[in-house]
Amino acid sequence: MRLILSFLFCVSFAFSQSDNQAKIAYQFYQNGEYEKAIEIYKKLSTSSNFHVHYHNYFQSLIHAGYYQEAKRLSRRMIRKFPSKLIYIVDLYICQYSDNDIRGSTQTLDQIYSKIVDAESQVMNVANTFIRYQKYEEALSCYLLFKHLDIENKRLYNTQVAQIYQYLSLIHI
């Protein structure tokens, strides 16, 4: 019985430490101290529930200019979750930010070709593009799908109108 109790105590202690580390890393991330956040997120990246911290770690890498490391991270998540297109969008963002024109064009084409078969992800992918202020790419996602869906031409009209509004504000 003591063995079980001591095991449970050790496990709960380990979880509370990683939770504290995650909170500290998030605080650094919120304060724009990306280098410090990266150090902690790198340690947390070996845990089984790392996908919870992925976005903040990825953003920290992008903001700090570590595009190669961000590419590796996004590729790792693509391998782990191959059906989630948002990680491919993240790879595109890395390539685009790193001025990898050829790679970013290929990745964007890959996103558009896969989105045709993934109606449930159209909104997530478009919203991910919007988060990075890539409005033309988000618009292309919706328009591509609208052209394919002959039965429901009104699908995504609100989202398309919102993106056109974003674009008009940028070009003023």
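Residues numbered from 1 in each chain as written. Predicted model: local features only at pLDDT ≥ 70, side-chain atom pairs only at ≥ 80, totals over all residues. Heavy atoms only, no water.

Caption draft 1: The packing of aromatic side chains, seen in detail. Summed over all chains, the structure comprises twelve aromatic pairs. Arranged with centres 5.8 Å apart and planes meeting at 80°, the rings of Tyr92 and Phe129 form a pair that is edge-to-face. Of the two residues, Tyr92 sits in helix α5 (residues 86-97) while Phe129 sits in helix α7 (residues 122-131), which places them 37 residues apart along the sequence. Per residue, the accessibility class of Tyr92 equals that of Phe129, and both read buried. Between the aromatic rings of Tyr142 and Tyr156, the centroid separation amounts to 5.0 Å while the plane-to-plane angle is 40°, which identifies the pairing as tilted. Here the residue Tyr142 occupies a position in helix α8 (residues 135-148), and Tyr156 occupies one in the loop between α8 and α9 (157-170), the gap between them amounting to 14 residues. In this structure Tyr142 comes out as buried when scored by relative accessible area, which is 1%. Overall, Tyr156 belongs to the buried group, its relative accessible area being 12%. Each member of the aromatic cluster is reached from another via a ring pair, and the members are Tyr54, Phe58, Phe81, Tyr87 and Tyr132. (Phe/Tyr/Trp six-rings, centres within 6.5 Å; stacked < 30°, edge-to-face > 60°. Helix = DSSP H or I, 4+ residues; strand = E, 2+ residues; numbered from the N terminus. Buried < 20%, exposed > 50% of the residue type's maximum accessible area, 1.4 Å probe, protein only.)

Caption draft 2: Quick look at the packing of α5 against α7. At their nearest, the axes of α5 and α7 sit 9 Å apart, and the two run at 25° to each other. Regarding the angle of α5 to α7, the classification is roughly parallel. Of the two possible hands of crossing, α5 and α7 adopt the one that is right-handed. Contacts between α5 and α7 involve Ile86, Val89, Asp90 and Tyr92 on the former and, on the latter, Asn124, Val125, Thr128 and Phe129. (Axes fitted to C-alpha atoms, helices over the stretch in contact; angles between N-to-C directions. Parallel < 35°, antiparallel > 145°, perpendicular 65-115°, else oblique. Left-handed = near helix turned anticlockwise from the far one by under 90°. Contact = heavy atoms within 4.5 Å.)

Caption draft 3: Spotlight on the pattern of salt bridges. Inspection of the entire model under this criterion finds four salt bridges. We note a salt bridge from Glu69 to Lys42, for which the minimum N-O separation is 3.4 Å. Taken together, the residues span a long stretch of sequence, with Glu69 in helix α4 (residues 67-80) and Lys42 in helix α2 (residues 34-44) at a distance of 27 residues. A salt bridge links Asp100 to Lys71; its shortest N-O distance comes to 3.9 Å. With a gap of 29 residues between them, Asp100 in the loop between α5 and α6 (101-115) and Lys71 in helix α4 connect regions that are remote in the sequence. (Salt bridge = Lys/Arg side-chain N within 4 Å of Asp/Glu carboxyl O.)

Caption draft 4: Seen up close, the nonpolar core. One finds Phe58, Ile111, Val125, Phe129 and Ile163 to be the most contacted residues of the largest nonpolar core, which totals 48 residues. Per element, the largest residue contribution to this core is seven residues, and it comes from α5. Apart from the residues lying within four places of it in its own chain, the contact partners of Ile163 are Ile130, Tyr135, Ala138, Leu139 and Tyr142. (Core = buried A, V, L, I, M, F, W, Y, C linked by side-chain atoms within 4.5 Å.)

Caption draft 5: Seen up close, the side chain of Ser60. When you line up the elements, Ser60 lands in helix α3 (residues 54-64). Apart from the residues lying within four places of it in its own chain, the contact partners of Ser60 are Tyr29, Tyr34, Ala37, Ile38 and Tyr41.

Caption draft 6: Up close: the confidence of the model for the protein. Of all residues in the protein, 84% attain a pLDDT of 70 or more, and the chain-wide mean is 85. Below pLDDT 50 for its whole length, residues 3-16 participates in zero contacts with residues either more than four positions away or in separate chains. (pLDDT = per-residue confidence, 0-100.)

Caption draft 7: Up close: α3. The element α3 is extensively covered by neighbouring structure, given that eight of its eleven residues are classed as buried. Looking at α3, one finds that the buried residues are Tyr54, Asn56, Tyr57, Phe58, Gln59, Ser60, Leu61 and Ile62. Trailing α3 by a residue or two, Gly65 shows a phi angle of about 85°, which is positive.

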